[in-house]
Protein chains: 2
Amino acid sequence: MNMYDIIYKKREGGILTKDEIDYFVKGYTNNNIPDYQAAALLMAIFLKKMNNEETFNLTASMKNSGDIIDLSSINGIKVDKHSTGGVGDKTTLIVAPLAAAAGIPIAKMSGRGLGFTGGTIDKLESIPGFKTSVETEEFIKLVNNSNLSVIGQTAHIAPADKKIYALRDVTATVDNLSLITSSIMSKKLASGSDAIVLDVKCGNGAFMNNLHDAEKLGELMVDIGFADGKKIIAIITDMNQPLGRAIGNSNEVIEAIETLKGNGPDDITQLSLTLASYMIYIGGKASSPDEGYKMAVSALKSGNALKKLIKLIKGQGGNIDVVNDYTLFPQPAWSVEIKVTREMMMDENGGLSEKKYISNIDTKNIGLASQHLGAGRATKEDIIDLSAGIYLHRKLGDSVSLGDVLATISGTDYSRKESGIKEVSKVFSFGNIKPEKQTLIKKVIMK
Amino acid sequence: MNMYDIIYKKREGGILTKDEIDYFVKGYTNNNIPDYQAAALLMAIFLKKMNNEETFNLTASMKNSGDIIDLSSINGIKVDKHSTGGVGDKTTLIVAPLAAAAGIPIAKMSGRGLGFTGGTIDKLESIPGFKTSVETEEFIKLVNNSNLSVIGQTAHIAPADKKIYALRDVTATVDNLSLITSSIMSKKLASGSDAIVLDVKCGNGAFMNNLHDAEKLGELMVDIGFADGKKIIAIITDMNQPLGRAIGNSNEVIEAIETLKGNGPDDITQLSLTLASYMIYIGGKASSPDEGYKMAVSALKSGNALKKLIKLIKGQGGNIDVVNDYTLFPQPAWSVEIKVTREMMMDENGGLSEKKYISNIDTKNIGLASQHLGAGRATKEDIIDLSAGIYLHRKLGDSVSLGDVLATISGTDYSRKESGIKEVSKVFSFGNIKPEKQTLIKKVIMK
């Protein structure tokens, strides 16, 4: 077997065998196959596609390239949750405490943000003292104590994915169904949970722009997880605007805490309760998603979920006072309000409207604007400004008049202010008719 | 402009602009673009293809990546000749003297063999003392003296092609029309001749297996050359069996000398006269290819072409005695005859035929067998055994009986003998009906 023949076969549209896929994944991870051959194969896979069996084999190979976490010393059905990546998505910080409060053990490994999407680990690190790098033994102990720990993925989880993703990122081979699936699922399957709830984002702030593509991704991931013996549900949810109002790190944690206090924005609250309901159901603590939903609502209203978050912070060395004193979070050096301008209110005939509606938010670009303010990374080496971010005062369908505040942007680096104002001002579109409300939960896929 | 966007554009089937192609070719040649991004782009080009304008721009970029040879100090229309690569193809050694004898100045830069195809420069180096590395000034002087010089391509001719070809070779992106065309034509256009005759090989021993693909390649190369201001003709010729009887280096030079003495195999003689006739025509020394043909025949019969070859050898430091004493060439240490076996003569019903016909010769594999005997290279670093090779006693359509000699194989390395016998025995197929003769000259393409 050699790499040239494997590239040639895929180039001609052939179906790669399990052995051929293993040969590539092992050889590339061990640096025996050079980047340029891997890049040629990835482009051939991108353009000629992989079938479900190939995707399953690729996922398995990547999963087996590193450690498989053994969570068997934690009692009960361990449930994981994963989002395919969106803007303002702080649901893990809410969903995990909700499900844990309902009796579900959550031993979650999370990632960092890259590009226009944020990552849970960065957000958690805005809590002073919070440790995200924890040994497996300690991790298991934390979950056994309080049903909940969230830590960063170790380098030993699916190292093949790290190498392959880094290469895809610079060779324009990221947004392929099989490659996305194998990247996400190899890590999830190696992380040791028994059940997984996937939040598949769909819209102008997600990898998948339309429902059809999101469905295909959700179905493929459910198939792959099921074939590996996991309980798995995919929920397709709207990402045509940021979730909630806060985009950044500290500000997203604050919004998550507010949500657990019962003061959260409606979309974040609803999505979190829904995801938690399926986690409670799939984890066997409720006989139906509806019953799970009621248990999630009760965990929220009783304050038990907030208590779980506090226990999580305490358990991982964080300062629990942040829950009641938000000034303990990293503070921005500057803040600027973006207001509705005359230009925004201009009609086609040159007149000025009294009132308009926000008809579109370019979600991907608001994610990128947040990154440029310092809240995200362009490359893995970038250091994040945890205080930087965007707060949306108006969202899709809201009415606006001249001078209304659309958003507040903030950060530490003054040199990023002017471009931040420009970028955020551009993401809003306006219309004279109130747009139809987007459905937040678009579809549930399970086997 | 950045490489990621260029890869993305081609991946989506976009048409690359001249600037984008320049950016890639320059950046890759200067080592500013890494191999893995170039590999991803090449695979995207392979699968999404390039149109004629892109191919023209790619060729121009590659041509301009190095020196453009100035042959203006040579009087007359300088005519170049190029073959897309075949097995047993020693025509340059015959055609160039024929055309030179008819008054055409030939300032030819040739390549070395790789894979199953041989190269003129390797063949010439089997003449003791013959120098293929010559400075441009000396090269021009040689052509002004005798109308003929054949030297190796310098590293300064289309360096982009060298880098890109080496990458294509290991990423399964060689056999694409635009990439083949740009590779060949960038070197031809940089070599400074005014007119070019292309021998486009077609058959089981060529990159292009069928007439349709060979026509497309020929038409594209003619278009590209024409657009660059060259006179250019492509001739599609048969490569369903080796040309002549000798495959190797020394043995091919001997066969070329014999052909110039009037004793050559029919196919080599006919093809050489035809190619020469178009070179004489395109070079303005004949008013039609037919008149050119007559002049080529006269150059052969008069011995003037042989004299040109002797002058070429002498001018470049070679021992001209080789022309009459073939023992001066590197001699093989061993030779083995491959004979017709009982198995080859077996009928479907188990009986033994008295007589059969050679119905097929796997030309690519006979080229590879020759390479494995030592006559060719698997990688650019391999050192060639100039004495090694294959001599065919029987060719397509010849009748054979039990015990007849099919081929003689020879070499210096004894360890290659057994596998050589096995490989060469396998390339022949036999049938009971005499197969139809292949047309040697399949099509002429000119503008």
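It should be emphasised that the depicted structure is a prediction, and the values quoted were computed from it without experimental measurement.

Undergrad: Give me the lowdown on the overall build of chain A, citing residues and values where you can.
TA: A tally of regular secondary structure across chain A gives 17 helices and 13 strands. Computed over its C-alpha atoms, the radius of gyration of chain A comes to 22 Å, within 12% of the 22 Å expected for a compact globule of 447 residues. With the C-alpha coordinates aligned to their principal axes, the bounding extent of chain A is approximately 70 × 50 × 40 Å. Taken across its 447 residues, chain A has 57% of its residues classed as buried. Roughly 17,800 Å² of accessible area belongs to chain A as shown, and the carbon and sulfur atoms make up 48% of that amount. Each charge class in chain A can be summarised by its mean position, and for the 52 positive and 52 negative side chains these summaries are 3 Å apart.

Undergrad: So, the confidence of the model for chain A: which residues are in play, and what are the values?
TA: Overall, the predicted model of chain A reaches an average pLDDT of 95, with 100% of residues at or above 70. Interface confidence in the predicted complex, given as ipTM, is 0.87; pTM for the same model is 0.87.

Undergrad: Got a sec to walk through the sheet that holds strand S12 (residues 428-431) of chain B? Specific residues and values, please.
TA: In a beta sheet, neighbouring strands pair by backbone hydrogen bonds and run either parallel or antiparallel. All names here are of chain B. Read across the open sheet, the three strands follow the order S10-S8-S12; overall the sheet is antiparallel. Two strands bound the open sheet, and with one partner strand each, they are strand S10 (399-400) and S12. Two elements, strand S8 (residues 356-361) and S12, share four bridges in a ladder whose sense is antiparallel. Pairing of Ile361 across the sheet is with Phe428, part of S12.

Undergrad: A description of helix H12 (residues 266-282) of chain A should follow, citing residues and the corresponding values.
TA: All names here are of chain A. Over its 17 residues, H12 extends 24 Å from the first C-alpha to the last, a length consistent with the 24 Å expected when each residue adds 1.5 Å. A large share of H12 lies buried, amounting to 14 of its 17 residues. Positive phi shows up at Gly284, right after H12, with a value of about 85°.

Undergrad: Before we move on, can you summarise the relation of the copies chain A and chain B with the specific residues and values?
TA: It takes a turn of 180° to lay chain A on chain B, together with a shift of 0.0 Å along the axis; the resulting RMSD is 0.0 Å. The superposition operator between the copies reduces to a two-fold rotation axis. Minimal C-alpha separation from the rotation axis in chain A is found for Tyr36 of chain A, amounting to 2.0 Å.

Undergrad: Hey, could you go over the packing of aromatic side chains for me, with residue numbers and the actual values?
TA: Residue and element names in this part refer to chain A. Per the stated rule, a full pass over the model turns up four aromatic pairs over all chains. Taking the centre distance of 6.1 Å and the plane angle of 15° together, the rings of Phe24 and Tyr28 count as stacked. Separated by four residues within a single helix, Phe24 and Tyr28 lie in helix H2 (residues 18-29), roughly one turn from each other. Each member of the pair, Phe24 together with Tyr28, is buried. With a centroid separation of 6.5 Å and 50° between ring planes, the pair formed by Tyr326 and Phe329 is classed as tilted. Lys163 extends its terminal NZ or CZ atom over the ring of Tyr28, reaching a point 4.2 Å from the ring centre.

Undergrad: Let's hear about empty space enclosed by the protein: which residues, and what values?
TA: Under the criterion given, the structure shown has four cavities of 30 Å³ or more. Its volume calculated, the largest cavity comes out at about 160 Å³. Lining the largest cavity we find 23 residues, and of these Phe116, Thr117, Gly118, Ser370 and Ala375 of chain B sit closest to its centre. Take the lining of the largest cavity: its biggest share by element is four residues, from helix H16 (residues 363-375) of chain B. Taken together, the residues that form the lining of the largest cavity break down as five nonpolar, 13 polar and five charged. The residue makeup of the lining of the largest cavity includes at least three contributed by each of domain 2 (79-327) and domain 3 (331-431) of chain B. Considered as a void within the structure, the second largest cavity measures approximately 130 Å³ in volume. In this structure, the second largest cavity is lined by 21 residues; those nearest its centre are Phe116, Thr117, Gly118, Ser370 and Ala375 of chain A. At the level of elements, helix H6 (120-124), strand S6 (246-248) and helix H16 (363-375) of chain A are the ones that each hand at least two residues to the lining of the second largest cavity. Ranked by residue count, the leading element in the lining of the second largest cavity is H16 of chain A, at four residues. Counting contributing residues per domain, the lining of the second largest cavity is built from domain 2 (79-327) and domain 3 (331-431) of chain A, each supplying no fewer than three.

Undergrad: Tell me about helix H5 (residues 92-101) of chain A, and please be specific about residues and values.
TA: Residues and elements named next belong to chain A. The element H5 is extensively covered by neighbouring structure, given that nine of its ten residues are classed as buried. All buried positions along H5 are accounted for by Thr92, Leu93, Ile94, Val95, Ala96, Pro97, Leu98, Ala99 and Ala100. Positive phi appears at Gly103, one or two residues downstream of H5, with a value of about 100°.

Undergrad: How would you explain the interface of chain A and chain B if you had to name every residue and give the values?
TA: Facing the 22 residues of chain A at the interface are 22 residues of chain B. Counting the surface lost from both chain A and chain B, the interface buries some 1,800 Å², and carbon and sulfur atoms represent 73% of this. For the chain A face of the interface with chain B, the top three residues by lost area are Arg11, Tyr36 and Leu47 of chain A, together amounting to 33%. Counting the contacts that link chain A with chain B gives two salt bridges. For Arg11 of chain A, the salt bridge identified is with Asp175 of chain B, shortest N-O distance 3.1 Å. Of all elements in the fold, only helix H1 (3-11), helix H3 (35-48) and helix H8 (159-170) of chain A reach the threshold of two or more residues within the side of chain A that touches chain B. Examining the composition of the side of chain A that touches chain B, we find that ten residues originate from one element, H3 of chain A, more than from any other. Each residue belonging to the side of chain A that touches chain B can be placed in one class, and the counts come to 13 nonpolar, three polar and six charged.

Undergrad: Describe the pairing of strand S3 (residues 148-152) of chain B, and please don't skip the residues or the numbers.
TA: Residue and element names in this part refer to chain B. Within S3, five of the five residues are buried, which leaves the element mostly enclosed by the surrounding structure. Neither face of S3 is left uncovered, since the one carrying Leu148, Val150 and Gly152 and the one carrying Ser149 and Ile151 both have all their residues buried. Note: strand S2 (residues 106-110) against S3, five bridges, orientation parallel. Each bridged residue has a counterpart across the sheet, and for Ser110 the counterpart in S3 is Gly152.

Undergrad: An account of the domain arrangement of chain A is needed here, citing residue identities and associated values.
TA: As assigned here, chain A comprises domain 1 (3-48), domain 2 (79-327) and domain 3 (331-431). Computed over C-alpha atoms, the centres of domain 1 of chain A and domain 3 of chain A are 43 Å apart.

Undergrad: Before we move on, can you summarise a nonpolar patch on the surface with the specific residues and values?
TA: There is a patch of nonpolar side chains on the surface, built from Met346, Leu352 and Leu402 of chain A and spanning about 250 Å² of accessible area. With respect to the helices and strands, Leu352 of chain A occurs in the loop between helix H15 (342-345) and strand S8 (356-361).

Undergrad: For the side chain of Lys108 of chain B, give the residues involved together with the corresponding values.
TA: Residues and elements named next belong to chain B. Within the secondary structure, Lys108 sits in strand S2. Look at Lys108 and you get buried, because its relative accessible area is 4%. Separated by 2.6 Å, the side chain of Lys108 and the backbone oxygen of Lys81 make a polar contact. Not counting chain neighbours up to four residues away, the residues in contact with Lys108 comprise Asp80, Lys81, Thr92, Phe139, Ser149, Val150, Ile151 and Lys188.

Undergrad: Explain the sheet that holds strand S1 (residues 79-83) of chain A to me, and be specific about the residues and the numbers.
TA: All names here are of chain A. Pairing is mixed across the open sheet formed by four strands, whose spatial order is S1-S4-S5-S13. The open sheet terminates on both sides in strands that have one partner only, identified here as S1 and strand S13 (441-446). Geometrically, the sheet is characterised by an average inter-axis angle of 15° between neighbouring strands, direction not taken into account. Looking at chain direction, strand S5 (residues 231-238) and S13 are connected through five bridges and run antiparallel. Looking at S13, one finds that Thr237 is bridged to Ile441. Where helix H10 (residues 211-227) meets the sheet, it contacts strand S4 (195-202), S5 and S13, and its direction lies at approximately 165° from that of S5.

Undergrad: Before we move on, can you summarise the environment of Ala155 of chain B with the specific residues and values?
TA: Mapping Ala155 of chain B onto the fold places it in the loop between S3 and helix H8 (159-170). Here the alpha-carbon distance between Ala155 of chain B and Gly66 of chain B, two residues 89 residues apart in the chain, equals 8.5 Å.

Undergrad: Which residues make up unusual backbone geometry, and what values do they have?
TA: Backbone geometry at Lys49 of chain A places phi at a positive 65°, although glycine is not the residue there. Inspection of the secondary structure assignment puts Lys49 of chain A in the loop between H3 and helix H4 (52-63). In this model, Ala158 of chain B sits at a positive phi of 45°, which is unusual for a non-glycine residue.

How each quantity is defined
Residues numbered from 1 in each chain as written. Chains lettered and ligands numbered in written order. Predicted model: local features only at pLDDT ≥ 70, side-chain atom pairs only at ≥ 80, totals over all residues. Heavy atoms only, no water. Helix = DSSP H or I, 4+ residues; strand = E, 2+ residues; numbered from the N terminus. Rg over C-alpha atoms; globule rule 2.2 N^0.38 Å. Buried < 20%, exposed > 50% of the residue type's maximum accessible area, 1.4 Å probe, protein only. Areas by Shrake-Rupley, 256 points an atom, 1.4 Å probe, with all protein chains shown as cover. Lys, Arg positive; Asp, Glu negative; His and termini not counted. Charge placed at Lys NZ, Arg CZ, Asp CG, Glu CD. pLDDT = per-residue confidence, 0-100. Pairing = 2+ DSSP bridges. Expected span 1.5 Å × (residues − 1). Least-squares fit on C-alpha atoms with pLDDT ≥ 70 in both. Phe/Tyr/Trp six-rings, centres within 6.5 Å; stacked < 30°, edge-to-face > 60°. Lys NZ or Arg CZ within 6 Å of the ring centre and 35° of its normal. 1 Å grid on protein atoms, 1.4 Å probe; cavity = no way out; pocket = protein on both sides within 12 Å on 5 of 7 lines; lining within 4 Å. Points joined across faces, edges and corners; volume = space filled by probe spheres on them. Nonpolar A, V, L, I, M, F, W, Y, C, P; charged D, E, K, R; others polar. Domains from an automatic or database assignment. Contact = heavy atoms within 4.5 Å. Buried area = accessible area lost by both parts, 1.4 Å probe. Salt bridge = Lys/Arg side-chain N within 4 Å of Asp/Glu carboxyl O. Patch = residues over 30% accessible without salt bridge, like charges linked within 9 Å, V, L, I, M, F, W, Y side chains within 5 Å. Polar contact = N/O pair within 3.5 Å; in protein donor to acceptor, adjacent residues only side chain to side chain. Axes fitted to C-alpha atoms, helices over the stretch in contact; angles between N-to-C directions.

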